[in-house]
Amino acid sequence: MKIVGIAGSNVGSKTRTAMNYTLKVTREKYPDADITLLDLADYHMVFSDGRNYWEYEGDTKYVTETIMAADALIIGTPTFQASIPAALKNIFDLLPINAFRDKVVSIFVTAGTAKHYLMVEQQLKPILSYMKAYIVPGYVFIEEKDFHRKEIVNDDILFRIERLVEDTVLQVNAVASMKQAKDVAYDF
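The present account deals with the structure reproduced in this document. This structure is a prediction, so every number in the text was calculated from the model and none was measured.

Here's the deal with the packing of helix 1 (residues 14-29) against helix 5 (residues 155-186)
Logical step 1: Where helix 1 contacts helix 5, the two axes come as close as 9 Å, and the packing angle between them is 55°. With respect to their mutual orientation, helix 1 and helix 5 come out oblique. The hand of the helix 1/helix 5 crossing is right-handed. Facing Tyr-21, Thr-22, Val-25, Thr-26 and Lys-29 of helix 1, the residues of helix 5 in contact are Leu-158, Ile-161, Glu-162, Val-165 and Glu-166.

Quick notes on the environment of Tyr-21
Logical step 1: Turning to its location among the elements, Tyr-21 is positioned in helix 1.
Logical step 2: If we skip the residues at most four places from it in the chain, Tyr-21 touches Leu-158, Ile-161 and Glu-162.

A word on the pairing of strand 2 (residues 34-39)
Logical step 1: Taken together, the six bridges between strand 1 (residues 2-7) and strand 2 define a ladder with parallel strand orientation. Following the sheet pairing, Ile-6 is matched in strand 2 by Leu-38.

Calculation criteria
- Residues numbered from 1 in each chain as written.
- Predicted model: local features only at pLDDT ≥ 70, side-chain atom pairs only at ≥ 80, totals over all residues.
- Heavy atoms only, no water.
- Axes fitted to C-alpha atoms, helices over the stretch in contact; angles between N-to-C directions.
- Helix = DSSP H or I, 4+ residues; strand = E, 2+ residues; numbered from the N terminus.
- Parallel < 35°, antiparallel > 145°, perpendicular 65-115°, else oblique.
- Left-handed = near helix turned anticlockwise from the far one by under 90°.
- Contact = heavy atoms within 4.5 Å.
- Pairing = 2+ DSSP bridges.

Shape is all these values report; function is a separate question.
This is the structure we're talking about:
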């Protein structure tokens, strides 16, 4: 199982802090999984210009091909101006419309206050749905007050991240089972 964690911003540290914890939990619970971190701050991505993702070069090619090869994505995103950051939106723009077909996508969000709670429902989930993702229904919303010195200090958030990881893997297994049953039915 290939799991890719995307820290969806090229600035700030809270989303990366939460992603580091999330992937640590994933590695501990599922040591056989192939886990990759894509922190957008670590890559020089070009803006989408309409080419196919495999036609790009350098970091852009690596990031998009890594995403396309994944069975599951754990997307962590901060909230900027009540929306997702441009760096994350650019990733979606670089990929084809069906990029997330048969992929499971789970989400956590970092934000300054609770007033941005519905950003996931109103902005991120519609994009992922349009791109054909199997979206893990629950997501984790992490506020500024849940961090202290680059650590998550709210035990409820830590528990919910652990549950998000479990739900992601359970859904990957369910999708794999459905695909296998469909293949058997068609005798492929």
